[in-house]
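# Understanding the architecture of this molecule
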Amino acid sequence: MPAEFSGKWIKETNEKFENYLKALNFDFATRKIAIALSQTKVVVEDGDKFNIKTLSTFRNYELSFTTGVEFDQYTKGLDNKNHCIWDKLVCTQKGEKANRGWKHWTDNDRLYLELTCEDVVCLQVFKRKE
Ligand code: VLZ
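In short, a report on the structure. Given the structure is predicted, the values throughout are model-derived calculations rather than measurements. (Residues numbered from 1 in each chain as written. Predicted model: local features only at pLDDT ≥ 70, side-chain atom pairs only at ≥ 80, totals over all residues. Heavy atoms only, no water.)

This part takes up the overall build of the chain. Secondary structure assignment for the chain yields two helices and 10 strands. Listed N to C, the secondary structure of the chain is β-α-α-β-β-β-β-β-β-β-β-β in terms of helices and strands. Since a compact globule built from 130 residues should have a radius of gyration of about 14 Å, the 14 Å found for the chain is in line with a globular shape. Side-chain charges in the chain split into 21 positive and 20 negative, and the spacing between the mean points of these groups amounts to 5 Å. (Helix = DSSP H or I, 4+ residues; strand = E, 2+ residues; numbered from the N terminus. Rg over C-alpha atoms; globule rule 2.2 N^0.38 Å. Lys, Arg positive; Asp, Glu negative; His and termini not counted. Charge placed at Lys NZ, Arg CZ, Asp CG, Glu CD.)

Have a look at this one:
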């Protein structure tokens, strides 16, 4: 089985990202910085274990999990306290915000990431670099 998600991916497009950050209560100044940034995803897929880093010059996020295994997540400002389960690369989060989750999929040299919070759906597209 090829590890289809493994690699380094650079953000190309980012639809509704500011609305998404607003739904998460990010303040105005942080949103303006965040939407202007380049973002790189570094994904390591090893069987059912994943490590996903979201990197930028401003802030970095890192997440490690095993698909199918529920866990509690805490990242300050972003997820705060959440209970998560990833099914392959689809995550359902139960926390302070309704309807939160992520979905990742690939197509040739593109990585797609759909981020949802309340009624906002943000779609990010990344291009494979390595
Ligand atoms: O990634 O949910 O793909 O770890 C960015 C907020 C939110 C501030 C990005 C700007 C959400 C900093 C990334 C830019 C890096 C995200 C998932 C895995 C979960």
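Moving on to the site of the ligand. The immediate surroundings of the ligand are formed by 18 residues, with Lys-41, Arg-59, Trp-102, His-104 and Leu-115 found nearest. Contact distances for the ligand include 2.8 Å between an oxygen atom and a side-chain N or O atom of Trp-102. Side-chain polar atom of His-104 to an oxygen atom of the ligand: 2.8 Å apart, as the coordinates give it. Here the ligand loses 99% of its free accessible area of 520 Å² to cover by the protein chains. Looking at the shell around the ligand, the elements that each hand over two or more residues are helix 1 (17-23), strand 3 (49-55), strand 4 (61-66), strand 8 (100-107) and strand 9 (110-117). Within the shell around the ligand, the residues separate by chemical class into 12 nonpolar, four polar and two charged. (Near = heavy atom within 4 Å. Polar contact = N/O pair within 3.5 Å; in protein donor to acceptor, adjacent residues only side chain to side chain. Areas by Shrake-Rupley, 256 points an atom, 1.4 Å probe, with all protein chains shown as cover. Nonpolar A, V, L, I, M, F, W, Y, C, P; charged D, E, K, R; others polar.)

All right, on to the pattern of salt bridges then. Throughout the structure, instances matching the rule amount to six salt bridges. Through salt bridges with shared partners, a single network forms among Glu-12, Asp-109, Arg-110 and Lys-127. (Salt bridge = Lys/Arg side-chain N within 4 Å of Asp/Glu carboxyl O.)

Right, let's get into the pairing of strand 3. Note that strand 2 (residues 40-46) and strand 3 share seven bridges and pair antiparallel. Counted as the bridge partner of Asp-46 is Lys-49 from strand 3. Linkage of strand 2 to strand 3, two consecutive antiparallel strands, is achieved through a turn of two residues, within which Gly-47 is found at a positive phi near 65°. Sheet analysis places strand 3 next to strand 4, joined by six bridges and oriented antiparallel. When the bridges of strand 4 are listed, Lys-53 appears paired with Glu-62. The antiparallel pairing of strand 3 with strand 4 creates a hairpin that spans five residues between the two strands. (Pairing = 2+ DSSP bridges.)

Further remarks concern helix 2 (residues 28-36). Of all the residues in helix 2, the buried ones are Thr-30, Arg-31 and Ala-34. Each buried residue of helix 2 sits inside an arc of 100° when the element is viewed along its axis, so together they form one side. In helix 2, the exposed positions angled more than 90 degrees off the buried face are occupied by Phe-28 and Ala-36. In this structure, the buried residues of helix 2 make contact with helix 1. In this structure Asp-27 caps helix 2, since a side-chain oxygen of it lies 3.1 Å from the backbone nitrogen of Ala-29. (Buried < 20%, exposed > 50% of the residue type's maximum accessible area, 1.4 Å probe, protein only. Arc of directions from axis to C-beta. Contact = heavy atoms within 4.5 Å.)

One non-glycine residue, Lys-16, lies in positive phi territory at about 65°. Taking relative accessible area as the criterion, Lys-16 reaches 48% and is therefore assigned partly exposed. A positive phi angle, close to 70°, is found at Asn-25, a residue other than glycine. Relative to the elements of secondary structure, Asn-25 occurs in the loop between helix 1 and helix 2. A relative accessible area of 58% means that Asn-25 is categorised as exposed.

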